[in-house]
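Structural overview for review
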Amino acid sequence: MVPDKHIMSDEHTLQADDEKDSPPKRLWYDATITHLSQLTPAVTGVTIDVDVDRPMLTGDQGASWQPVDPSKPFAFLPGQWVDFYIPAINKVGGYSITSLPSHLPQLELAVKRSRHPPADWTTSKAQVGDAVKVRVGGEFVYSTPSGSEEEQIVDGGDCKVPAPDSKGLLFIAGGVGINPLYGMLRQLHSDALATKVESATCTQGPKATLLYSASKADELLFEPELTDMAREFPNNFQMAYHVTKDEVKGSGEDSSSNHRRGRITSGEISEALQWATGATTDESAASSSGDGKAMLVHVSSVYICGPTGFAEEMSEACQEHGVPRSAIHFEQWW
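An account of the accompanying structure is given in this report. (Residues numbered from 1 in each chain as written. Predicted model: local features only at pLDDT ≥ 70, side-chain atom pairs only at ≥ 80, totals over all residues. Heavy atoms only, no water.)

1. Details of the sheet that holds strand E9 (residues 131–137)
The six strands are arranged E7-E6-E9-E2-E3-E8 in an open sheet whose pairing can be described as antiparallel. Bordering the open sheet on either side are strand E7 (91–96) and strand E8 (106–112), each of which pairs with just one other strand. Strand after strand, the sheet turns through a mean of 40 degrees between neighbouring axes, direction not considered. Of the strands in this sheet, strand E2 (29–40), strand E3 (43–50), strand E6 (81–86), E7, E8 and E9 touch helix H2 (residues 117–124), which is tilted by about 70 degrees from E7. (Pairing = 2+ DSSP bridges. Helix = DSSP H or I, 4+ residues; strand = E, 2+ residues; numbered from the N terminus. Axes fitted to C-alpha atoms, helices over the stretch in contact; angles between N-to-C directions. Contact = heavy atoms within 4.5 Å.)

Given below as structure tokens:
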């Protein structure tokens, strides 16, 4: 048994739905670029408005678009990505969604500059008003506690995800692997806000820790927004930023976030798990493991996203600290 692993490329060619997909089909929707911004020196923020009520399928190479049942509006779960079809170059990019389902019809993406035609077009040639098409994909998701079902179904039945867990959560990001995790954390923050409104204090819901690594300080995407989450709900969110090839910022007096030089370590993963779950080390389990590594009494769900190699390394470190493989979900980008 291996961790729940998803691998995604950021470019492929549009194919006919009857050639690529087995039923149920993943549906396309028209969209228009409404805003472009520079999030970091290498990453462009893209906001689009989706025509959520007009699904369609495609013929060969986009030669024909076939409207289908309008009772299937565009929908997604935090952590999912979209195929991003660009008619101007007849290519499809794949980008994680960073906004919330409640923000629809507005959808936000973060695209890193690269030589791949979709990314190159999006970061250097796209303009406000350009038309594109999108469709949802991916099973690397966080499902918000919105019902009592044991499973939630998205993508017209193509993606089944477990009901959300109220245990602590650990998020580990490498580079632009923060994108799907940011969407998940935004949902957790939204849930915390709702709880605060209802009860005047946020004492329910999972505790979430983020360990986020980037090469340089100016590559830490969404750092201000993430830090604000931890400031607003210090009992629910803890953020730690790692920079591997640059000087780090001082953490100042704000204990809800901090900056560290170097890679994410096994010891920091253990500390993050203990904070998120309120767990202590189980000395008997550590003794019986035979390798001297402490095992956590309770474990959380772990979401990891980053480049090839990073996700496997982080997953192995989590397992060394007692996280079962079934609780680890990760996605890689190549």
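Don't stop here, the text continues.
2. Observations regarding the pairing of E7
One face of the sheet, then the other: side chains in a regular strand alternate in exactly this way. For E7, a buried count of five out of six residues is recorded, marking the element as mostly surrounded by other parts of the structure. As paired strands, E6 and E7 are joined by six bridges and run antiparallel to one another. Directly across from Val82, in E7, lies its bridge partner Tyr95. Linking two consecutive strands that pair antiparallel, namely E6 and E7, is a turn of four residues; a positive phi of about 50 degrees is found at Asn90 within it. (Buried < 20%, exposed > 50% of the residue type's maximum accessible area, 1.4 Å probe, protein only.)

3. Regarding helix H5 (residues 266–277)
Residue pairs three or four apart in sequence face the same way in an α-helix, which turns once every 3.6 residues. Along its twelve residues, H5 runs 17 Å from first to last C-alpha, staying within 8% of the 16 Å computed at 1.5 Å per residue. Buried within H5 we find Glu268, Ile269, Ser270, Ala272, Leu273 and Ala276. Among the residues trailing H5, Gly278 stands out with phi positive, at a value near 70 degrees. (Expected span 1.5 Å × (residues − 1).)

4. Some thoughts on the side chain of His242
In this fold, His242 is placed in strand E14 (residues 237–243). The exposure class of His242 is buried, given its relative accessible area of 1%. Among the polar contacts listed, one links the side chain of His242 to the backbone oxygen of Gly262, at a separation of 3.0 Å. Within the local environment of His242, its side chain forms a polar contact with the side chain of Glu268, the two groups lying 3.3 Å apart. (Polar contact = N/O pair within 3.5 Å; in protein donor to acceptor, adjacent residues only side chain to side chain.)

5. A short note on the layout of surface pockets
Roughly 480 Å³ of volume is contained in the largest pocket. Lining the largest pocket are 22 residues, with Gly174, Gly175, Ser213, Ser215 and Pro307 sitting closest to its centre. Top contributing element to the lining of the largest pocket by residue count: helix H7 (residues 310–320), with three residues. (1 Å grid on protein atoms, 1.4 Å probe; cavity = no way out; pocket = protein on both sides within 12 Å on 5 of 7 lines; lining within 4 Å. Points joined across faces, edges and corners; volume = space filled by probe spheres on them.)

6. Describing unusual backbone geometry
With omega at 15 degrees, the peptide bond leading from Leu104 into Pro105 counts as cis. Residue placement: Pro105 occurs in the loop between E7 and E8. Positive phi outside glycine occurs at Asn90, with the angle close to 50 degrees. Topologically, Asn90 is positioned in the loop between E6 and E7.

7. A short note on the nonpolar core
In this structure, Phe171, Ile178, Leu226 and Phe237 are the most contacted members of the largest nonpolar core, which totals 32 residues. Breaking this core down by element, the ones donating at least two residues are strand E12 (169–174), helix H3 (178–199), strand E13 (208–214), helix H4 (223–232), E14 and strand E18 (301–307). In contact with Leu226, not counting residues within four places along its chain, are Ile178, Tyr182, Leu185, Leu210, Tyr212, Leu221, Met239 and Tyr241. If you look at the next biggest cluster of nonpolar residues, it comprises 25 residues, including Leu27, Ile97, Trp121 and Ala126. (Core = buried A, V, L, I, M, F, W, Y, C linked by side-chain atoms within 4.5 Å.)

8. Description of the pattern of salt bridges
Summed over the entire model, instances satisfying the criterion amount to nine salt bridges. A salt bridge links Asp83 to Arg26, with the nearest nitrogen and oxygen atoms 2.8 Å apart. Here Asp83 is found in strand E6, whereas its partner Arg26 is found in the loop between helix H1 (17–20) and E2, with 57 residues between them in sequence. For Asp83, a relative accessible area of 1% puts it in the buried group. Note on Arg26: relative accessible area 11%, which makes it buried. Of the charged contacts in the structure, one is a salt bridge between Asp51 and Arg54, with a shortest N-O distance of 3.7 Å. Classification of Asp51 by relative accessible area gives partly exposed; the value is 28%. The network of salt bridges with shared partners includes Arg26, Asp83 and Arg135. (Salt bridge = Lys/Arg side-chain N within 4 Å of Asp/Glu carboxyl O.)

9. Quick notes on the environment of Glu219
With respect to the helices and strands, Glu219 occurs in the loop between E13 and H4. Note: C-alpha distance between Glu219 and Ala42 (177 residues apart in sequence) is 7.6 Å. Discounting chain neighbours no more than four positions away, the residues touching Glu219 are Thr40, Tyr212 and Ala214.

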